[in-house]
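# Chain and residue survey
Listed here are the chains, written in short residue letters.
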Amino acid sequence: MPWGEFKDTAAERRLFQRRAFVMLLFVFLLLAGLVARMYQLQVVEHDIYTTLSDKNRVQVQSVPPPRGLVYDRNNVLLAENRPVFSVTLVPERVGSMEVALEQLVRILDVSEEDLDRFERRLREPRRPFQEIPLRYDLTEDEIARLAVHRHELPGVEVEAELVRYYPHSELTAHALGFVGRINREELQRIDPVNYAGTNYIGKSGVERFYEGLLHGKVGYQHVETNARGRTLRVLERENPAPGEDLKLHLDLRLQERAHELLDGRRGAIVAIEPATGGLLAVASVPGFDANKFVTGISVPDYRELSTSKDKPLFNRALRGQYPPGSTLKPMLAIAALDSGAVTRDLSIWDPGYFQLNSKGRRYRDWKRSGHGWVDLTHAMAQSCDVYFYEAAVEMGVDTMHSYLSRFGFGEDATLDVSGALSGLLPSRDWKRAVRNEPWYPGDSVNLGIGQGFMLATPLQLATATSLIANRGEWVEPRLLKGIQGDRLPDAFLPSETHEPLALKDPDDWEYIIDAMAEVMHGSRGTARRSGRGASYRMAGKTGTAQVFSLAEDEEYDAEEVKERLRDHAMFVGFAPVDNPQIAVAVIVENGGGGSSTAAPVARAMFDAWLLEFSGTGDGSLISKADSKSEVH
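## Considerations on the overall build of the protein chain
On a plain count of helices and strands, the protein chain comes out with 22 helices and 20 strands. Considering the protein chain as a whole, with its 632 residues, one finds that 51% of them fall into the buried category. If you sum the accessible surface of the protein chain, you get close to 30500 Å²; carbon and sulfur atoms cover 51% of it.

Structure (structure tokens):
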């Protein structure tokens, strides 16, 4: 500024004021923007950010429902749930899975098998944030050690869960089945919502068939968690709906008696209540401990079961398919009478063999010297093969197939028995399709005594016997007797599909039943020793099923045949004759003669059910001294 000029203070003031105004305006705009943003966050978007905040703090967890319990007909508990503590890991919350596993191995007793199982489950498809168990059934000491190191193990929790337990496992394993861990295939077909948090599902038997009833409905809870994902408190809870409690027709006392009577011998016993179709006993020996399969069976234990030559995992009662032998004769007798192939007065000469023609093969009778002149009653009582050879040829395969199919052979005729097989009821078409051969008359001869191509399960034989006891009225076998509460079992049982087996002469039922009673009580009945001294009348039929074929003139010598190639001992029957309460089918693998081995077992089952368990008698069972009888 040149010397002598004065400062323009007014201009400077105006400049300052303009600059101050601009700055204040700028500050005001910033404050206004901040207030607007705060308003947007706190008011406009309040719900959004509250939800986001809650997601960091609050987790929604599924609560698996308690599985329904299973009782026998007398309210004895067969399947329950017990609490088990396990250590689980959530992969999404574990920092380093390798480091976490190393720490857990140092803290707990974790086997290589546990680690292998964990790795397999880790690779399988699963729901997000689903816990993967590493070890089950932790001890109190192990839980305490984990608690000490809990802060070092994010994503690792000790979980308490209800796990299925079978108090009578070996007795009921084949009838009830068991639950196990949900596998990859099952994960694809189940409802992911209703099974959220559930680790187990029915694998076989009742547990599988009634999975929908036993499982229940999942619940939910909102929990507050910390930064490590650990639960601090439960904010809200919707309780799960427990599964339904089921009552079965099964009677544990009779089931146990069946196992005792088989006495460790390979075999099966099926007992049915004819009036209801209820399965009173479904025994398969040897059995196994189903509890081992619930949380995952160990490799050594499974190898021992799967490689055993006695096949304890195999359900002989439902899946064992055997030639029925002479136990098929009552059904064939009904077919022969109703079709007109034989009459009640028809007598046949039995020289000990049968021939289709004078130069043809001789089909032997079990009694080498023959039975002489026999009618149908005596043929049944003495199990005369020649009589039934001739009746079978007279009927032909088409007639036999038609009648036997109406007895339930060649199909699974049960309502709710999971895993039952259909056996094999041969026909002309079957042989042509499978063997590309015609049906020969000799095939009919073999079918006439339940041999040849014919195969049946013990359950099918018991079902057919029950049909005879009911005089042709069909009541399909079933396990479910009731559901706790007001729900009726009929709503959950499949529909019955079989029509009654109506005969041209209904009196033929009584005639055949009387003939079966002669087996047990007649002077020459093959099972007369097993029927001796009974306070009630019973009807039955013994049978012997060949395991391998003999040459035409070869003699069968059980002492010289290897034990596992000996004949199967079989029996079917029911009691009492006039008001049947129980029908049974018995098979003892490689047991020899049906009359000497299987019939005494059936008599003991009858006594147990009618006298001992009903409370109407002294409950005495037959002695082993009475178990010897004739071969067939």
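## Thoughts on the environment of Ala 271
Relative to the helices and strands, Ala 271 resides in strand E11 (residues 267-273). A sequence separation of 187 residues divides Ala 271 from Pro 458, and the C-alpha atoms of the two residues are 9.6 Å apart.

## A few points about the environment of Ser 523
Along the chain, Ser 523 falls in the loop between helix H20 (507-521) and helix H21 (528-531). Using a relative accessible area of 66% as the deciding quantity, one classes Ser 523 as exposed. Measuring from C-alpha to C-alpha, the distance between Ser 523 and Ala 381 comes to 9.1 Å, with 142 residues separating the pair along the chain.

## Notes on the nonpolar core
Membership of the largest hydrophobic core comes to 145 residues, with the highest contact counts inside it found for Leu 254, Phe 407 and Phe 409. Excluding its chain neighbours within four sequence positions, the residues that come into contact with Leu 254 are Ala 271, Leu 280, Ala 281, Ile 582, Met 605, Ala 608, Trp 609 and Phe 613. One finds Leu 108, Leu 138, Leu 146 and Val 156 within the second-largest nonpolar core, a separate group that totals 18 residues.

## Looking at unusual backbone geometry
Here the bond from Val 285 into Pro 286 is cis, since omega is 5 degrees, no more than 30 degrees from zero. Tracing the backbone through its elements, the reader meets Pro 286 in the loop between strand E12 (278-285) and helix H11 (291-294). Residue Pro 576 is reached from Ala 575 by a cis peptide bond, and omega for that bond is -15 degrees. Following the sequence through the fold, Pro 576 ends up in the loop between strand E19 (568-575) and strand E20 (582-588).

## Observations regarding the side chain of Thr 542
For Thr 542, the location among the structural elements is in strand E18 (residues 539-545). Here Thr 526 takes part through its side chain, which lies 2.9 Å from a polar atom of the side chain of Thr 542.

## Digging into the pattern of salt bridges
If you walk through the whole model with that rule in mind, you get 24 salt bridges. Note that Arg 164 is salt-bridged to Glu 207, the shortest N-O span being 2.8 Å. Note that Arg 164 is positioned in strand E5 (residues 156-165) and Glu 207 in helix H8 (residues 205-209), a separation of 43 residues in sequence. The exposure class assigned to Arg 164 is buried, which follows from its relative accessible area of 4%. For Arg 478, the salt bridge is made with Glu 496, and the minimal N-O distance between the two is 2.9 Å.

## Quick word on the environment of Gly 352
Topologically, Gly 352 is positioned in the loop between strand E13 (348-350) and strand E14 (353-355). Those residues in contact with Gly 352 that sit more than four places away from it in its chain are Arg 364, Asp 365, Lys 367, Arg 368, Ser 369, Gly 370 and Val 386.

## Description of a nonpolar patch on the surface
The grouping of Met 23, Phe 26, Val 27, Leu 30, Leu 31, Leu 34 and Met 38 at the surface amounts to a nonpolar patch, some 680 Å² of accessible area in total. With respect to the helices, strands and loops of the structure, Leu 30 is situated in helix H1 (residues 9-44).

## Section: the packing of helix H14 (residues 329-339) against helix H16 (residues 385-406)
Across the interface, H14 lies against H16 with an axial gap of 9 Å and an inter-helix angle of 80 degrees. Accordingly, the angle class assigned to the pair H14 and H16 is roughly perpendicular. Only Asp 385, Phe 388, Ala 391, Met 395, Thr 399, Met 400, Tyr 403 and Leu 404 of H16 make contact with H14, whose side of the interface consists of Lys 329, Met 331, Leu 332, Ala 333, Ala 335, Ala 336, Asp 338 and Ser 339. Of the residues contributing to the contact of H14 with H16, the split by class is 11 nonpolar, two polar and three charged.

Reading the values: rules and limits
- Every chain begins its residue count from 1, and numbering advances along the sequence as written.
- Whole-chain, interface and lining totals are the exception, using all residues; otherwise, since this is a predicted model, local features are given only for residues with pLDDT of at least 70 and side-chain atom pairs are given and counted only at 80 or more.
- With hydrogens and water set aside, each side-chain value is computed from the structure's full complement of heavy atoms.
- For helices the rule is a DSSP run of H or I covering at least 4 residues; for strands it is a run of E covering at least 2, with both sets numbered from the N terminus onward.
- Buried residues are those whose accessible area, probed at 1.4 Å on protein chains only, stays under 20% of the maximum for their type, while exposed residues exceed 50% and partly exposed ones sit between those limits.
- Computed with the Shrake-Rupley method and a 1.4 Å probe, the accessible areas treat only the protein chains shown as cover for residues.
- In this description, a nonpolar core means a group of buried Ala, Val, Leu, Ile, Met, Phe, Trp, Tyr and Cys residues linked to one another through side-chain atoms lying within 4.5 Å.
- Residues are treated as being in contact if the distance between any of their heavy atoms lies within 4.5 Å.
- Here a polar contact is taken to be a pair of N or O atoms separated by no more than 3.5 Å, where protein atoms must pair a possible hydrogen donor with a possible acceptor and residues adjacent in sequence count only if both atoms sit in side chains.
- Whenever Lys or Arg places a side-chain nitrogen within 4 Å of a carboxyl oxygen from Asp or Glu, that contact is recorded as a salt bridge.
- Patch membership needs two things, relative accessible area over 30% and no salt bridge, and members are linked within 9 Å if like-charged or within 5 Å if nonpolar (Val, Leu, Ile, Met, Phe, Trp, Tyr).
- Only C-alpha atoms enter the line fits that serve as axes; for helices the fit covers just the stretch in contact. Angles between N-to-C directions range over 0 to 180 degrees.
- Angular relationships are summarised with four words: roughly parallel below 35 degrees, roughly antiparallel beyond 145, roughly perpendicular across 65 to 115, and oblique for the angles in between.
- Throughout, the ten residues Ala, Val, Leu, Ile, Met, Phe, Trp, Tyr, Cys and Pro are labelled nonpolar, Asp, Glu, Lys and Arg are labelled charged, and all others, Gly among them, are labelled polar.

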